[in-house]
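Secondary and tertiary structure notes
Chain by chain, the residues:
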Amino acid sequence: MSNKVAIITGGARGIGLGIAVCLARKDMRIVIADRDGAAARTAAEQFGGLGVACDVTDRAQVADLVQQTITRFGRIDVLVNNAGICPFVDVMEMDPSTFKKTLDVNLTGAFHCTQLVAREMLARSIQGRIVFITSLAVNVTSARQGDYAASKAGLHMLMKSFAIALGPHGITCNAVAPGMILTDLTRFHWEKPENAAFIKQRVPAGRIGTPEDIGQAVALLVSDEAGYINGVGLIVDGGHQAVCA
Ligand SMILES: NC(=O)c1ccc[n+]([C@@H]2O[C@H](COP(=O)([O-])OP(=O)(O)OC[C@H]3O[C@@H](n4cnc5c(N)ncnc54)[C@H](O)[C@@H]3O)[C@@H](O)[C@H]2O)c1
């Protein structure tokens, strides 16, 4: 078994859980951090890992996550900033508190996690890997994704700043931008027959993505072989964004 330890935020379900499955297959020891502590513990059990209740917007809870991981496993090699929300409210109707919450979770949460985990990696001279789960909304958006797109575009640039700061220490930071993936976040939309038909016709892969499609991309970026890949975003969308009409 590899002695590498990976923390996945928002890993209790959906894409985060798919990432955990793929990293566990690479023999990594898994820490699931999720604001839903019971679901985090249940998810972690299947990997013999650690499940921690952690709201990424609360810096003290993130510090506790780091501490619990070190106490249990003694090191952190991989962080995947996956926790995210998307309220889908028209930007003209949106309450300022909704806007702020989305930025707090999707952007500031990743800042807390990356800074505190990277300090731990630096203290132990670990050549770590940090992955940020962004979105196609880094480049394109809709009237109902003003908060979400702003948070994800910000996250992409935050990733680059950390890549520059940490690259000299052998720690890489990259982003994975998923296309349309079937999870609890999107199920209400993609299970409508007209939307399912849209995917078949519009996405060159001819199907919606799965959490493990994203997990495989993350596994690639956190591998030993990926040491010279730093500060980039990898779109994983079955070819969707290549289509112009
Ligand atoms: N599903 C898609 O099509 C899609 C596409 C592009 C990007 N993404 C991104 O992928 C990531 C995961 O999305 P998903 O579809 O799996 O969502 P999901 O809603 O199925 O799961 C998200 C998980 O994050 C947790 N979470 C939410 N807020 C949190 C917080 N403050 N602290 C800790 N945990 C928190 C939730 O409890 C949940 O377990 C998100 O960042 C999302 O923006 C998803």
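Before reading further, recall that the structure is shown in the block above.
A few points on the structure.

Let us now look at the overall build of the chain. Per the secondary structure count, the chain includes eight helices and seven strands. The C-alpha atoms of the chain give 17 Å as radius of gyration, which agrees with the globular expectation for 245 residues (18 Å, within 12%). Overall size of the chain, expressed as C-alpha extent along the three principal axes, is 50 × 40 × 35 Å. Looking at the 245 residues of the chain, the share that counts as buried comes to 46%.

Within strand β5 (residues 129–133), five of the five residues are buried, which leaves the element mostly enclosed by the surrounding structure. Because side chains alternate across β5, one face comprises the buried residues Arg129, Val131 and Ile133, and the other comprises Ile130 and Phe132, equally buried. In terms of handedness, the path from strand β4 (residues 78–81) via helix α4 (residues 96–123) over to β5 forms a crossover that is right-handed. In the sheet, β5 pairs with strand β6 (residues 172–178) via five bridges, with the strands oriented parallel. By the bridge assignment, Val131 is partnered in β6 with Asn174. As for the winding sense of the linkage, the β-α-β connection from β5 through helix α5 (residues 146–166) to β6 is right-handed.

Turning to the nonpolar core, a few remarks are in order. Counting residues in each nonpolar core, the largest one holds 66 residues, and the members touching the most others are Ala6, Ile32, Val176 and Val218. The greatest single-element share of this core, amounting to seven residues, is contributed by α4. Excluding anything up to four places from it in sequence, Ala6 contacts Leu23, Met28, Ile30, Val31, Asp77, Val78 and Val80.

Let us look at the site of the ligand. Taken together, 30 residues lie around the ligand, and Gly10, Gly14, Gly84, Thr183 and Leu185 are the ones closest in. Mapped by element, the contributors of at least two residues to the shell around the ligand are α1 (14–25) and α4. With three residues, α1 is the largest single contributor of residues to the shell around the ligand. Split into classes, the residues belonging to the shell around the ligand amount to 13 nonpolar, 11 polar and six charged.

With that settled, consider the environment of Gly239. Positionally, Gly239 belongs in the segment after β7 (233–236). In this structure, the C-alpha to C-alpha distance between Gly239 and Gly179, residues 60 residues apart in sequence, is 8.7 Å.

Moving on: the pairing of strand β1 (residues 5–9). Counting buried residues in β1 gives five out of five residues, a clear majority hidden from the surface. Residues Val5, Ile7 and Thr9 point to one face of β1 and Ala6 and Ile8 to the other, with burial holding for every one of them. As judged from the five bridges shared by β1 and strand β2 (residues 29–34), these two strands associate in the parallel manner. Bridging from a neighbouring strand, Ile7 pairs with Val31 of β2. As for the winding sense of the linkage, the β-α-β connection from β1 through α1 to β2 is right-handed. With three bridges joining them, β1 and β4 adopt parallel strand pairing. Bridged to Ile8 within β4 is Val80.

What follows is about the sheet that holds β1. Strand order in this open sheet of seven strands is β3-β2-β1-β4-β5-β6-β7, and the pairing throughout is parallel. On the outer flanks of this sheet lie β3 (50–53) and β7, each paired with one strand and no other. Taken pair by pair, the neighbouring strands of this sheet meet at an average axis angle of 20°, ignoring direction. Pairing of β2 with β3, which is carried by four bridges, proceeds in the parallel orientation. Across the sheet, the residue bridging to Val31 is Leu50, located in β3. Each of β1, β4 and β5 is contacted by α4, which is oriented at about 175° to β4, the strand it contacts most. Packing against the sheet, helix α8 (residues 211–221) makes contact with β4, β5, β6 and β7, and its axis sits at approximately 165° to β6.

Before going further, it helps to spend a moment on unusual backbone geometry. We note that Phe88 has phi near 55°; this positive angle belongs to a residue other than glycine. With respect to the secondary-structure elements, Phe88 resides in the loop between β4 and α4. Since 14 C-beta atoms lie within 10 Å of it, Phe88 is described here as partly exposed. Its identity as a non-glycine residue notwithstanding, Ser125 has a phi of 50°, on the positive side. Note that Ser125 resides in the loop between α4 and β5.

Rules and cut-offs
Residues numbered from 1 in each chain as written. Predicted model: local features only at pLDDT ≥ 70, side-chain atom pairs only at ≥ 80, totals over all residues. Helix = DSSP H or I, 4+ residues; strand = E, 2+ residues; numbered from the N terminus. Rg over C-alpha atoms; globule rule 2.2 N^0.38 Å. Buried ≥ 20, exposed ≤ 12 C-beta atoms within 10 Å, placed from the backbone. Right-handed = clockwise from strand over helix to strand, strands pointing away. Pairing = 2+ DSSP bridges. Core = buried A, V, L, I, M, F, W, Y, C linked by C-beta atoms within 7 Å. Contact = placed C-beta atoms within 7 Å. Near = placed C-beta within 6 Å. Nonpolar A, V, L, I, M, F, W, Y, C, P; charged D, E, K, R; others polar. Axes fitted to C-alpha atoms, helices over the stretch in contact; angles between N-to-C directions.

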